[in-house]
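Each chain, letter by letter, is given below.
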Amino acid sequence: MKIRTLVKDFAKFGVPTIITTLLSIFVIPIIAWVYPADEYGKINLFCSTGTMLCSLCLLGLDNAYLRFYHDYKENKDKYSLFKYALFSGILISLLLFSIVSLFIRDEISNYLFGETAYWLLFILTMYVIASISLRMTSLSSRLETDAKLFGYQQVANVLISKVIFVAVAIFTTRYTVTVTVITICLCCASFFFLIRTSRERLKKPLVLPLKCERKKYILYALPIMPSTLMLYANSLCAKYILGCYGDYSTIGILAMATSFAHIFAIITNLFTSYWSVFVFKNYEKENKLIKDIQHIVTMLPY
């Protein structure tokens, strides 16, 4: 593969990252201006928890989908893996919601929202399911090298997670209204992209992969989970500790500060948006090129 072609592919998948970063730079100061710190803290805690649960409910099967997608030549095998990961994540999220609702709904509700609001646990569950769907369809766009569709998904995601804040604030800054509107928009977007990217997949009967194949996916996916847990623990630990004391104002200030910090990860995001897909697609044909680039990337921090 020519380096020029590789750079071109990186650029195609990097443009959405640049657009979403610019949108964030523009919108974050407006959010900080219009929202009280405590209300924004609750909104951020809701969204952060939803994102974490999305990863945990998938059990790393999204990574298994990324890893094994190009190992299959038949579309039916790819579709089977996609649906196995998608429906596993949805079923686990519903099971988790049922357990929480039956046994610890008061504790979780009071901890996350500072009040007893059972219906918000249902909203959170819908947020998690929509996030699972969006993650899987976004991953499919990357694997199929559909840069245009991937761009639409990224822009839609940042519009919902950032710009909707400002639109809702015209009417109210109450966190319950904001998270409900965000969840509804996320569900609509996830349904649209699921139909747009996965219509053929969903038309096929739901056939589970063979037992040996399921075992292979799980054995690949589960060892990734500890690093995922550590990643979320590192980013959310301070927020959850503050949540224990009901200090949502400080959570809001902290969340705003970290949002600005994440903007500076644009170079990393530009690279990772396509690199993992390229590696698993070409690790046999372009082994030397992958090693050379990986060595360069590894040395850059030093």
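Here's what I pulled together on the structure shown here.

What counts and how
- Residues numbered from 1 in each chain as written.
- Predicted model: local features only at pLDDT ≥ 70, side-chain atom pairs only at ≥ 80, totals over all residues.
- Heavy atoms only, no water.
- Phe/Tyr/Trp six-rings, centres within 6.5 Å; stacked < 30°, edge-to-face > 60°.
- Helix = DSSP H or I, 4+ residues; strand = E, 2+ residues; numbered from the N terminus.
- Buried < 20%, exposed > 50% of the residue type's maximum accessible area, 1.4 Å probe, protein only.
- Arc of directions from axis to C-beta.
- Contact = heavy atoms within 4.5 Å.
- Salt bridge = Lys/Arg side-chain N within 4 Å of Asp/Glu carboxyl O.
- Core = buried A, V, L, I, M, F, W, Y, C linked by side-chain atoms within 4.5 Å.
- Axes fitted to C-alpha atoms, helices over the stretch in contact; angles between N-to-C directions.
- Parallel < 35°, antiparallel > 145°, perpendicular 65-115°, else oblique.
- Left-handed = near helix turned anticlockwise from the far one by under 90°.
- Nonpolar A, V, L, I, M, F, W, Y, C, P; charged D, E, K, R; others polar.

Remarks on the packing of aromatic side chains
Step number 1: Within this structure, the stated rule accounts for eleven aromatic pairs.
Step number 2: Centroid distance Phe-68 to Tyr-220: 5.5 Å. Interplanar angle 70°. Geometry classified as edge-to-face. Here the residue Phe-68 occupies a position in helix 3 (residues 61-68), and Tyr-220 occupies one in helix 9 (residues 211-221), the gap between them amounting to 152 residues.
Step number 3: Take Phe-68: its relative accessible area is 7%, and that puts it in the buried class.
Step number 4: Overall, Tyr-220 belongs to the partly exposed group, its relative accessible area being 27%.
Step number 5: Judged by centre distance (6.1 Å) and plane angle (45°), the ring pair of Tyr-84 and Tyr-217 falls under tilted. Placement of the pair is Tyr-84 in helix 4 (residues 75-103) and Tyr-217 in helix 9, with a sequence separation of 133 residues.
Step number 6: Of the residues examined, Tyr-217 reaches a relative accessible area of 2% and is grouped as buried.

Thoughts on helix 9
Step number 1: For helix 9, the full list of buried residues reads Glu-213, Tyr-217 and Ala-221. Seen end-on, helix 9 carries its buried residues on one side only, within an arc spanning 65°. Exposed residues on helix 9 whose side chains face more than 90 degrees from its buried face are Lys-211, Cys-212, Lys-215 and Leu-219.
Step number 2: On the buried face of helix 9, the contacting elements are helix 3, helix 4 and helix 10 (225-244).

Looking at the side chain of Glu-39
Step number 1: Examined against the element boundaries, Glu-39 turns out to sit in helix 2 (residues 37-58).
Step number 2: In this structure, Glu-39 is in contact with Thr-173, Arg-174 and Tyr-175, ignoring residues within four places of it in sequence.

A look at the pattern of salt bridges
Step number 1: Under the criterion given, the structure shown has six salt bridges.
Step number 2: One salt bridge connects Arg-174 with Glu-39, and the closest N-O pair in it is separated by 3.9 Å. Remark: Glu-39 occurs in helix 2 and Arg-174 occurs in the loop between helix 7 (147-169) and helix 8 (175-203); sequence separation between them is 135 residues.
Step number 3: Taking relative accessible area as the criterion, Arg-174 reaches 33% and is therefore assigned partly exposed.
Step number 4: Accessibility expressed as a relative area gives 10% for Glu-39, which makes it buried.
Step number 5: The shortest N-O distance in the salt bridge between Glu-115 and Arg-174 comes to 3.1 Å. Taken as a pair, Glu-115 in the loop between helix 5 (105-113) and helix 6 (118-143) and Arg-174 in the loop between helix 7 and helix 8 lie far apart in primary sequence, 59 residues in all.

Quick look at the nonpolar core
Step number 1: Ranked by size, the top nonpolar core spans 70 residues in total, and within it Tyr-35, Phe-46, Tyr-65 and Tyr-217 carry the most contacts.
Step number 2: When residues in this core are grouped by element, the largest group, 13 residues, is from helix 6.
Step number 3: Each residue touching Tyr-217, except ones within four places of it in the same chain, is listed here: Leu-61, Ala-64, Phe-68, Tyr-72, Leu-81, Tyr-84 and Pro-209.

Overview of the packing of helix 2 against helix 6
Step number 1: Close contact between helix 2 and helix 6 brings their axes to 8 Å; oriented N to C, the two are set at 55°. Relative to helix 6, helix 2 is oriented oblique. Two packed elements cross with a definite hand, and for helix 2 against helix 6 that hand is right-handed. Contacts between helix 2 and helix 6 pair Phe-46, Cys-47, Thr-49, Gly-50, Thr-51, Leu-53, Cys-54, Ser-55, Cys-57 and Leu-58 from the former with Leu-120, Ile-123, Leu-124, Tyr-127, Val-128, Ser-131, Ile-132, Arg-135 and Met-136 from the latter.
Step number 2: Per-class residue counts for the contact of helix 2 with helix 6 are 13 nonpolar, five polar and one charged.

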